[in-house]
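Here's the letter readout for the chains.
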Amino acid sequence: EQPIFSTRAHVFQIDPNTKKNWVPTSKHAVTVSYFYDSTRNVYRIISLDGSKAIINSTITPNMTFTKTSQKFGQWADSRANTVYGLGFSSEHHLSKFAEKFQEFKEAARLAKEKSQEKMELTSTPSQESAGGDIQSPLTPESINGTDDERATPEVTQNSEPRAEPTQNALPFTHSSTISKHWEAELATLKGNNAKLTAALLESTANVKQWKQQLAAYQEEAERLHKRVTELECVSSQANAVHTHKTELNQTIQELESTLKKKEEEIEGLKQEIDNARELQAQRDSLTQKLQEVEIRNKDLEGQLSDLEQRLEKSQNEQEAFRNNLKTLLEILDGKIFELTELRDNLAKLIECS
């Protein structure tokens, strides 16, 4: 099988109990691909979340992909006895996926007709066509939903890029909102501190490297377990086998111990990353407070400069006033001295007369 078209979307499945609510099968947007199996001449829709297949649906001519909103679509798979839902980031991606669905559905119909023609010519029943005639365990109402039961996700014009299901899935909507909030916070922190970004990238690379080492250790452990089993079946020397088995068990224990250490180191790195994010948030808060203090300090410096100017002006005015008083005192002393001389002269004149 080869992928012939891929896109990214949030994957949901209908609740098997209520047939009303959507149940998210992926925590974030995942790759959804159309595959073509040339050996069986069938088309399939496959999506993986890590190593888990959350969609494995074979397209048949009786399937219908329904657009229930601007960013959400669904189709029923009678073989899997469920209804799949996809939430896209834009209406364009939804339309493109729907076009491909219709195209591959038509190709599947043509392939089925050709297969039926070959059967009629050879008069040999085809197991594949017989499988296609199996009645669906879902009724038409359970596939597309009745007017009261149809699960139609609501998408507003101002919604986020992620298409959300109906209001019956409120806890998931709340979780998505919180997740988006923290993603925005993380993007802000990355933009503010390049060094922290480099450290996070380096830590992520180390985690990936250690995961690869863990996978290699697990493969080595499985290989050693198989080797122990083979030695127990083949060897006739119980003591030698027991000794070899003991050594292999010790090696396995050492590998398991190494695995545990690596897992502890990974947890420690995750904790350091969380601490670094908290420190970055504290640093941003302190930087903002420091900027506010600096602004207030500048205002106070301006007020202080104004007061100093006013004080200097007042001191100059006082100095001028003192100088004027000194001048007046000198003039007054001169006048008093002249009056004293005049008094003395008058007294002498009186005495002489």
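To start, this report covers the structure provided alongside it. Just so you know, these numbers come straight off a predicted model, no measurement behind them.

### Some points on the overall build of the protein
Phase 1 of the analysis: Within the protein, the regular secondary structure consists of six helices and eight strands.
Phase 2 of the analysis: Each helix and strand of the protein, ordered N terminal to C terminal, gives the series β-β-β-β-β-β-β-β-α-α-α-α-α-α.
Phase 3 of the analysis: Taking all 353 residues of the protein together, the buried fraction comes to 27%.
Phase 4 of the analysis: For the protein, the share of sequence-separated contacts (at least 6 apart) that also reach a separation of at least 24 residues comes to 55%.
Phase 5 of the analysis: Put simply, the protein shows about 24900 Å² of open surface, and 51% of that area lies on carbon and sulfur atoms.

### Brief notes about the nonpolar core
Nonpolar side chains in soluble globular proteins generally cluster together in the buried interior.
Phase 1 of the analysis: Residues Y34, I45, I55, W75, L86 and F97 are the most contacted members of the largest nonpolar core, which totals 23 residues.
Phase 2 of the analysis: Per-element accounting of this core gives the leading share, six residues, to helix α1 (residues 91-122).

### Some thoughts on the pairing of strand β3 (residues 30-37)
Taken residue by residue, a regular strand's side chains alternate between the two faces of the sheet.
Phase 1 of the analysis: Within β3, six of the eight residues are buried, leaving the element largely enclosed by the surrounding structure.
Phase 2 of the analysis: Inspection of the sheet shows strand β1 (residues 2-14) paired to β3 by seven bridges, in the antiparallel sense. Its bridge partner lying in β3, S6 is registered against S33.
Phase 3 of the analysis: Two strands pair when backbone bridges link them, and β3 and strand β4 (residues 42-49) are joined in this way by six bridges, in the antiparallel orientation. Each residue of the ladder has a partner; that of Y34, found in β4, is I45.
Phase 4 of the analysis: What sits between the antiparallel neighbours β3 and β4 is a turn of four residues, in which N41 has the positive phi angle 55°.

### Re a nonpolar patch on the surface
Phase 1 of the analysis: A surface patch of nonpolar side chains, about 400 Å² in accessible area, is lined by F321, L325, L328 and I331.
Phase 2 of the analysis: Structurally, L325 can be placed in helix α6 (residues 238-352).

### Details of the packing of aromatic side chains
Phase 1 of the analysis: Within this structure, the stated rule accounts for 14 aromatic pairs.
Phase 2 of the analysis: Ring geometry for F5 versus Y34: centroids 6.0 Å apart, planes at 40°, classification tilted. With F5 in strand β1 and Y34 in strand β3, this residue pair connects regions lying 29 residues apart in the sequence.
Phase 3 of the analysis: Counting every residue linked through ring pairs, the aromatic cluster contains F5, Y34, Y36, Y43, F65, W75, Y84, F88, F97, F101 and F104.

### Brief notes about the pairing of β4
Phase 1 of the analysis: Within β4, six of the eight residues are buried, which leaves the element mostly enclosed by the surrounding structure.
Phase 2 of the analysis: Taken together, β4 and the strand that follows it, strand β5 (residues 52-58), pair antiparallel across an intervening segment of two residues, in which G50 is found at a positive phi of about 75°.

### With respect to unusual backbone geometry
Phase 1 of the analysis: Of note in the backbone geometry, K19 takes a positive phi value of approximately 60° without being a glycine.
Phase 2 of the analysis: Secondary-structure assignment places K19 in the loop between β1 and β2 (22-24).
Phase 3 of the analysis: Of note, the phi angle at N81 is positive, near 55°, even though the residue is not glycine.
Phase 4 of the analysis: Among the secondary structure elements, N81 is positioned in the loop between β7 (72-77) and β8 (82-87).

### Considering the side chain of D77
Phase 1 of the analysis: Mapping D77 onto the fold places it in strand β7.
Phase 2 of the analysis: R79 provides the closest opposite charge to the buried, salt-bridge-free D77, at an N-O distance of 5.7 Å.
Phase 3 of the analysis: At a separation of 2.7 Å, a polar atom in the side chain of D77 contacts the side chain of S57.

### A short note on the pattern of salt bridges
Phase 1 of the analysis: All told, the structure shown has eight salt bridges when counted by the stated rule.
Phase 2 of the analysis: Between R277 and D274 there is a salt bridge whose closest N-O contact spans 4.0 Å. With R277 and D274 both in helix α6 and three residues apart, the pair spans about one turn of that helix.
Phase 3 of the analysis: Taking relative accessible area as the criterion, R277 reaches 33% and is therefore assigned partly exposed.
Phase 4 of the analysis: Owing to a relative accessible area of 35%, D274 belongs among the partly exposed residues under this scheme.
Phase 5 of the analysis: Several salt bridges share partner residues, and in doing so they unite E106, R109 and E113 into one network.

Scoring rules and cut-offs
Residues numbered from 1 in each chain as written. Predicted model: local features only at pLDDT ≥ 70, side-chain atom pairs only at ≥ 80, totals over all residues. Heavy atoms only, no water. Helix = DSSP H or I, 4+ residues; strand = E, 2+ residues; numbered from the N terminus. Buried < 20%, exposed > 50% of the residue type's maximum accessible area, 1.4 Å probe, protein only. Contact = heavy atoms within 4.5 Å. Areas by Shrake-Rupley, 256 points an atom, 1.4 Å probe, with all protein chains shown as cover. Core = buried A, V, L, I, M, F, W, Y, C linked by side-chain atoms within 4.5 Å. Pairing = 2+ DSSP bridges. Patch = residues over 30% accessible without salt bridge, like charges linked within 9 Å, V, L, I, M, F, W, Y side chains within 5 Å. Salt bridge = Lys/Arg side-chain N within 4 Å of Asp/Glu carboxyl O. Phe/Tyr/Trp six-rings, centres within 6.5 Å; stacked < 30°, edge-to-face > 60°. Lys, Arg positive; Asp, Glu negative; His and termini not counted. Polar contact = N/O pair within 3.5 Å; in protein donor to acceptor, adjacent residues only side chain to side chain.

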